[in-house]
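Secondary and tertiary structure notes
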Amino acid sequence: VAAPLKPSRFAAKLPSQPDDRVLPPDPRTLVVTINEDRTLKLNGLADMGTVDDCSALSARLVSLFHERKKNRSYRADMLARVDLPEEARIEKTVFIKAPRSLPYGAIVKVMDGLRGAGAEPIGLQLDGLN
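A brief report on the enclosed structure follows. Just so we're clear, the structure is a prediction, and the values are computed from it rather than from any experiment.

Parameters at a glance
Residues numbered from 1 in each chain as written. Predicted model: local features only at pLDDT ≥ 70, side-chain atom pairs only at ≥ 80, totals over all residues. Heavy atoms only, no water. Helix = DSSP H or I, 4+ residues; strand = E, 2+ residues; numbered from the N terminus. Expected span 1.5 Å × (residues − 1). Buried < 20%, exposed > 50% of the residue type's maximum accessible area, 1.4 Å probe, protein only. Arc of directions from axis to C-beta. Pairing = 2+ DSSP bridges. Salt bridge = Lys/Arg side-chain N within 4 Å of Asp/Glu carboxyl O.

Taking 1.5 Å of rise per residue, the 14 residues of helix α3 (residues 104–117) would be expected to cover 20 Å, and the 20 Å separating its terminal C-alpha atoms lies within 8% of that figure. Turning to α3, its buried residues number three or more, namely A106, I107, V110, M111, G113, L114 and A117. Seen from one end, α3 has its buried residues packed into an arc of 160 degrees, which puts them on one side. Across α3 from its buried face, at more than 90 degrees, point the exposed residues Y104 and G116. Directly beyond the C-terminal end of α3, a positive phi value near 105 degrees is found at G118.

For the rest of this paragraph, the subject is the pairing of strand β1 (residues 30–34). Here is the key point about a regular strand: its side chains alternate between the two faces of the sheet. Counting buried residues in β1 gives four out of five residues, a clear majority hidden from the surface. Examined bridge by bridge, β1 and strand β3 (residues 94–98) share four bridges and lie parallel to one another. Across the sheet, the residue bridging to V32 is I96, located in β3. Linking two consecutive strands that pair antiparallel, namely β1 and strand β2 (residues 40–42), is a turn of five residues; a positive phi of about 70 degrees is found at R38 within it.

Time to look at the pattern of salt bridges. Taken as a whole and assessed by the stated rule, the structure comprises nine salt bridges. Ionic pairing is found between D52 and K109, a salt bridge with its closest N-O pair at 2.9 Å. Of this pair, D52 sits in the loop between β2 and α1 (55–71) while K109 sits in helix α3, and the two are 57 residues apart along the sequence. We classify D52 as exposed; its relative accessible area is 53%. On the basis of relative accessible area, K109 is assigned to the partly exposed category, the value being 42%. Across the pair D77 and R75 runs a salt bridge whose closest N-O atoms are separated by 2.8 Å. Connected via shared salt-bridge partners are R38, D52 and K109.

So, to be careful, I would describe these as geometric facts and stop short of saying anything about function.
Right under this line is the structure:
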């Protein structure tokens, strides 16, 4: 058994004034919202299909990713990675916002549709839809 002989501590510095700045969202951020009625939105755009039919969402994402490849819109951590193929460097991150009441199987259906469109990585955010 090993134990430290001298206790250590972690000092954190917090700002004295709260930061009330409103930052605009990054235009490259893609957020798929699953509503309570199982309809899908992409960055607030309605009519992207439903949980059971993600084809409209997938088609839109394929189009966006193709446009990003054409414009060389790379992920921030891949800008200098010229050793990788261009396809691997394109920004294809998608976040899913879903209510906690939605069954996990419905979220997995949407994740499968996103993967089929080429999205990677996929992040998940529960609750806090408003």
